[in-house]
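Residues per chain are reported as follows:
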Amino acid sequence: MLKYLTLCAMCLLSLGAVANGIKLKGEMTQGSLIRGEVPAGSQLWLNENPVRVSEEGYFAFGFGRDAELTQKLKWQNAQGVLQEKNFTLTKRTYVEQKIEGVASKYVSPPESVLSRIRQDNQQIGVARANNASRLDFTQDFIWPAAGPISGVYGSRRVFNGVPKRPHFGVDVAGPTGTPVFAPADGIVTLWVPDMYYSGGTMIIDHGFGVSSTFLHLSKGHVESGTQVKQGDLVAEIGATGRVTGAHLDWRINWFKERLDPALLVPKR
Ligand SMILES: [Zn+2]
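Numbers given for residues are sequential positions, taken from 1 along each chain in its written order. Given that the model is predicted, a residue must reach a pLDDT of at least 70 before its local features are reported, and side-chain atom pairs must reach 80 or more before they are shown or counted; all residues, however, enter totals for whole chains, interfaces and linings. Excluding hydrogens and water, the side-chain values take into account all heavy atoms of the structure.

Draft legend 1. Looking closely at the packing of aromatic side chains. Two aromatic rings, drawn from Phe, Tyr or Trp (for Trp, its six-membered ring), form a pair once their centres lie within 6.5 Å of each other, and the interplanar angle then sorts them: stacked below 30 degrees, edge-to-face above 60, tilted otherwise. Applying the stated criterion across every chain, the model contains 11 aromatic pairs. Their ring planes at 70° and their centres at 5.5 Å tell us that Phe61 and Phe63 sit as a pair that is edge-to-face. Exposure class is identical for Phe61 and Phe63. Each is buried. Ring pairs connect the aromatic residues Phe59, Phe61, Phe63 and Phe87, which therefore count as one cluster. A cation sits over an aromatic face here: Arg52 above Phe208, 4.1 Å from the ring centre. Counting as a charge over the ring demands two things of the Lys NZ or Arg CZ atom: a distance within 6 Å of the ring centre and an angle within 35 degrees of the ring normal. A cation sits over an aromatic face here: Lys74 above Trp45, 5.4 Å from the ring centre. Remark: exposure states derive from per-residue accessible area (1.4 Å probe, protein chains only) relative to the maximum for the residue type, with buried under 20%, exposed over 50%, and partly exposed in between.

Okay, here's the thing in structure tokens:
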């Protein structure tokens with residue numbers, strides 16, 4: 001009897017932790033992926049937009065590079081009780097990166113490649129729009145490659161003196177052939193060896209709109225449709241597409257929202 005009571009008290013306690021509200025994991029700042037949990041059966045809204053919640057209560061969402069600092073979460077449990085949480089994101093400052101020596105065909109692409117660029121972007125867009133019912137995104141991510149950081153998220157970039165879009169990945173420098181590992185479990189949804197800007201390009205879907213993209217690869221070790229486990233060898237670093245040297249450009253998306261992978265892994 002005593003044993004039964006003890007167990008039951010513990011189970012109430014652990015239920016209470018989630019039943020009280022919401023658990024959030026991630027830095028409350030621009031560019032951040034937030035993972036979290038609400039009581040099973042709840043619905044969730046971020047700034048009045050519905051966010052998908054798994055049967056168990058897991059969810060993810062992300063704040064873009066220049067996200068509004070004032071944010072509002074609202075959730076309703078299975079019994080209809082509505083709760084709200086307002087919070088303020090920390091504003092980030094982004095550096096400017098000047099890059100010289102970029103081949104001119106990448107700074108001002110010739111007319112003849114514009115349809116190819118459009119097609120590349122469309123394929124990437126389709127892969128990132130996936131809303132797969134997998135909970136791989138709840139894992140603790142690992143760095144996909146060894147090597148020094150040579151480019152950071154959000155930086156404003158100037159190629160050969162021409163201002164371009166900000167950089168949205170984290171760059172890990174390493175010689176061509178350096179192994180690239182899956183940062184979390186997932187399914188490969190895209191592998192194209194020769195996109196115009198991004199060269200060898202691979203996307204791994206971690207579920208609920210969270211995906212990893214790897215750019216400039218020299219080689220892929222898996223095909224589209226392959227299920228991968230965290231730490232599996234998936235590709236090799238390369239210098240394909242618009243680059244000035246071999247590196248891995250790792251991106252994290254929540255659907256179209258481009259997020260900072262460096263916030264998901266231990267500081268390097
Ligand atoms: Zn990059």
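From this point on, the discussion continues.
Draft legend 2. Just the side chain of Asp260, in detail. If you trace the backbone, Asp260 turns up in the segment after strand S21 (257-259). The exposure class of Asp260 is buried, given its relative accessible area of 6%. Once residues within four sequence positions are removed from consideration, Asp260 is found in contact with Gly31, Arg92 and Tyr153. Helix and strand definitions follow DSSP, with helices as H or I runs of at least four residues and strands as E runs of at least two, each counted in order from the N terminus. Contacts are assigned to residue pairs that have any heavy atoms within 4.5 Å of one another.

Draft legend 3. Molecular detail of the domain arrangement of the protein chain. When cut into domains, the protein chain gives domain 1 (18-88) and domain 2 (96-264). Taken over C-alpha atoms, the centre of domain 1 sits 27 Å from the centre of domain 2. If you look at the interface, domain 1 gives 20 residues, while domain 2 gives 23 residues. Summed over both partners, the accessible area lost on bringing two parts together, with a 1.4 Å probe, is the buried area. Of the roughly 1700 Å² buried where domain 1 meets domain 2, counting both sides, 63% is carbon and sulfur surface. Criterion for a salt bridge: a side-chain nitrogen of Lys or Arg within 4 Å of a carboxyl oxygen of Asp or Glu. Summed over the shared surface of domain 1 and domain 2, the result is 1 salt bridge. Measuring nitrogen to oxygen at the nearest pair gives 2.7 Å for the salt bridge that ties Lys25 to Asp140. Side-chain atoms alone can form a polar contact between residues adjacent in sequence; in general such a contact is a pair of N or O atoms within 3.5 Å, and within protein one must be able to donate a hydrogen while the other accepts it. Joining domain 1 to domain 2, the criterion identifies 9 residue pairs in polar contact (both at pLDDT 80 or more). Looking at the side of domain 1 that touches domain 2, the elements that each hand over two or more residues are strand S2 (33-37) and strand S5 (58-62). Broken down by element, the side of domain 1 that touches domain 2 gets its largest block of residues, 5 residues, from S5. Taken together, the residues of the side of domain 1 that touches domain 2 break down into 7 nonpolar, 7 polar and 6 charged. Each domain's limits were defined by an automated method or a database of domain assignments. All residues other than Ala, Val, Leu, Ile, Met, Phe, Trp, Tyr, Cys, Pro, Asp, Glu, Lys and Arg, Gly among them, are scored as polar; the first ten of these are nonpolar and the last four charged.

Draft legend 4. A look at unusual backbone geometry. For Phe208, which is not a glycine, the phi torsion comes out positive at approximately 55°. Along the chain, Phe208 falls in the loop between strand S15 (199-207) and strand S16 (210-217). Of note, His216 is a non-glycine position whose phi angle comes to about 70°, a positive value. Secondary-structure assignment places His216 in strand S16.

Draft legend 5. Layout of the pairing of strand S3 (residues 43-46). Between any two strands, at least two bridges found by DSSP are needed for them to pair. The sheet contact formed by S3 and strand S6 (residues 70-76) spans 4 bridges and is antiparallel. Bridge assignment links Leu46 to a residue of S6, and that residue is Leu73. Of the strand pairs in this sheet, S3 and strand S4 (residues 49-51) are connected by 3 bridges, and their pairing is antiparallel. Within the sheet, the bridge partner assigned to Leu46 lies in S4 and is Asn49.

Draft legend 6. Inspection of the environment of Ser32 at higher detail. Along the polypeptide, Ser32 turns up in the loop between strand S1 (23-25) and S2. Along the chain, Ser32 and Leu263 lie 231 residues apart, while their C-alpha atoms are 6.6 Å from each other. Of the polar contacts made by the side chain of Ser32, one reaches the backbone oxygen of Glu27; its length is 2.6 Å.

Draft legend 7. Structural context of the sheet that holds S1. Across the sheet, which stays open at both edges, the 3 strands sit in the order S1-S2-S5 with antiparallel pairing between neighbours. Taken across any chain shown, the strands that pair with only one partner, and hence form the sheet edges, are S1 and S5. In this sheet, neighbouring strand axes are inclined to one another by 25° on average, regardless of whether the strands run parallel or antiparallel. Of the pairings in the sheet, the one linking S2 to S5 comprises 5 bridges and is antiparallel in character. To get an axis, a line is fitted to the C-alpha atoms, and for a helix only the part in contact is used. The angle between two axes follows their N-to-C directions and goes from 0 to 180 degrees.

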